Structures are given as structure tokens and as C-alpha cells.
Amino acid sequence: MSTTLIKRPAAWIRRLKARRRRGVPMFTVKDKRSAIASGVGVVVLLGIVFALQASSASSHLRTAATQSALLQSQIVTGDQEGAQATLGALETSTASARKSTDGLLWDISSKV
């Protein structure tokens, strides 16, 4: 490990302590604005990802609703082969919807 890497953090800490002793704030207004802007950007990005995933899940569920109506009519008419094929497509659609709403973002939003 380079001694330069070890000395730099110590120098940074010394500068912060010296600023604090002089009464200079540790972080300037520009630093605070940058942090707020970054935070807002992250929230907006997460919102966009959430909306896209929700839209995808909604699309898959609309497809599943159509397929379930078709499956019901195939069962009533006795079309066993068609019903099996439609059931497979229905399972795929619902699995895709589940996959779209599965993840850390959705776990967090379910707790809110």
C-alpha cells in the first residue's frame, strides 16, 4: 500500500478540523445543494424505474385476463388441447407480471 494513500485521508481530516476550529462550515451551500440535487435525481430515477415495471406488470395482467376468458370458453366448449395451450400462455403471462413486480424496489414500496 502506498504511503501517499495513507497520508491523504489524514490530511483531509486535518483540513476539516482546521476549518471547524476557524468557524468555517464543514460543507458549503454549494455542497448541500449538490447533495440535494443528487438525492432528488435518485428519487426521480427510482420513480421512473418503478413506473416502467408497473406498466409492464399491468400489460402482462391485461393479457392474462384475456387469456383467462379464452380459457374459460375453451373449457366450456370442450376444447381440451386449446385449453392446455391457453393455460400455458396464461401461466407465462402471470409469471412475467410477477417477475416485473419482484425486487428490492417493490419490497420497499410494499412497506410504505
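### Focus: a nonpolar patch on the surface
Part 1 of the argument: A cluster of nonpolar side chains, contributed by Ile-36, Val-40, Val-44, Ile-48 and Leu-52, occupies part of the molecular surface with about 480 Å² of accessible area.
Part 2 of the argument: Of note, Leu-52 is situated in helix H2 (residues 29-77).

### Here we look at the environment of Ser-100
Part 1 of the argument: Take Ser-100: it is sitting in helix H3 (residues 80-100).
Part 2 of the argument: Considered as a pair, Ser-100 and His-60 are 40 residues apart in the sequence and their alpha carbons are 9.0 Å apart.
Part 3 of the argument: Not counting residues up to four positions away in its chain, the partners in contact with Ser-100 are Gln-53, Ser-56, Ala-57, His-60 and Trp-106.

### Regarding H3
Helical geometry note: an α-helix holds 3.6 residues per turn, so side chains three or four residues apart project in the same direction.
Part 1 of the argument: Over its 21 residues, H3 extends 30 Å from the first C-alpha to the last, a length consistent with the 30 Å expected when each residue adds 1.5 Å.
Part 2 of the argument: Within H3 the residues assigned to the buried category are Gly-82, Ala-83, Thr-86, Leu-90, Ser-93, Ala-97 and Ser-100. Buried residues of H3, seen end-on, are gathered within an arc of 105° and therefore sit on one face of the element. The exposed set on the far side of H3, more than 90 degrees from its buried face, consists of Gln-80, Glu-81, Gln-84, Ala-85, Thr-92, Arg-98 and Lys-99.
Part 3 of the argument: The opening residue of H3 is Asp-79, an N-cap whose side-chain oxygen sits 3.1 Å from the backbone nitrogen of Gly-82.

### Structural notes on the packing of H2 against helix H4 (residues 104-111)
Part 1 of the argument: Interaxial distance between H2 and H4 falls to 11 Å at its minimum, and their mutual angle equals 95°. The angle between H2 and H4 falls in the class roughly perpendicular. Side by side, H2 and H4 meet where Leu-46, Val-49, Phe-50, Gln-53 and Ala-54 of the first sit next to Leu-105, Trp-106 and Ser-109 of the second.
Part 2 of the argument: Residues belonging to the contact of H2 with H4 are distributed by class as follows: six nonpolar, two polar and no charged.

### Digging into a positive patch on the surface
Part 1 of the argument: Residues Lys-17, Arg-20, Arg-21 and Arg-22 make up a contiguous surface patch of positive charge.
Part 2 of the argument: Inspection of the secondary structure assignment puts Arg-20 in helix H1 (residues 3-21).

### Focus on H2
Part 1 of the argument: Taking 1.5 Å of rise per residue, the 49 residues of H2 would be expected to cover 72 Å, and the 72 Å separating its terminal C-alpha atoms lies within 8% of that figure.
Part 2 of the argument: Residues of H2 that are buried in the fold lie against H3.
Part 3 of the argument: Immediately downstream of H2, the backbone of Gly-78 shows phi near 85°, a positive value.

### Let's talk about the confidence of the model for the protein
Part 1 of the argument: Averaged over every residue, the pLDDT of the protein is 86; residues scoring 70 or more account for 89%.
Part 2 of the argument: Of all the helices and strands in the protein, H1 carries the lowest mean pLDDT, 69, while H3 carries the highest, 94.

### Thoughts on the packing of H2 against H3
Packed helix pairs are specified by the crossing angle of their axes together with the interaxial distance, meaning the distance between the axes.
Part 1 of the argument: Interhelical geometry of H2 versus H3 gives an angle of 160° and a closest axis separation of 8 Å. On the basis of their axis angle, the class for H2 and H3 is roughly antiparallel. Helix-helix and strand crossings are classified by hand; for H2 and H3 the assignment is left-handed.
Part 2 of the argument: Taken together, the residues that form the contact of H2 with H3 break down as eleven nonpolar, 13 polar and no charged.

Rules of the game
Residues numbered from 1 in each chain as written. Predicted model: local features only at pLDDT ≥ 70, side-chain atom pairs only at ≥ 80, totals over all residues. Heavy atoms only, no water. Patch = residues over 30% accessible without salt bridge, like charges linked within 9 Å, V, L, I, M, F, W, Y side chains within 5 Å. Areas by Shrake-Rupley, 256 points an atom, 1.4 Å probe, with all protein chains shown as cover. Salt bridge = Lys/Arg side-chain N within 4 Å of Asp/Glu carboxyl O. Helix = DSSP H or I, 4+ residues; strand = E, 2+ residues; numbered from the N terminus. Contact = heavy atoms within 4.5 Å. Expected span 1.5 Å × (residues − 1). Buried < 20%, exposed > 50% of the residue type's maximum accessible area, 1.4 Å probe, protein only. Arc of directions from axis to C-beta. Polar contact = N/O pair within 3.5 Å; in protein donor to acceptor, adjacent residues only side chain to side chain. Axes fitted to C-alpha atoms, helices over the stretch in contact; angles between N-to-C directions. Parallel < 35°, antiparallel > 145°, perpendicular 65-115°, else oblique. Nonpolar A, V, L, I, M, F, W, Y, C, P; charged D, E, K, R; others polar. Lys, Arg positive; Asp, Glu negative; His and termini not counted. Charge placed at Lys NZ, Arg CZ, Asp CG, Glu CD. pLDDT = per-residue confidence, 0-100. Left-handed = near helix turned anticlockwise from the far one by under 90°.

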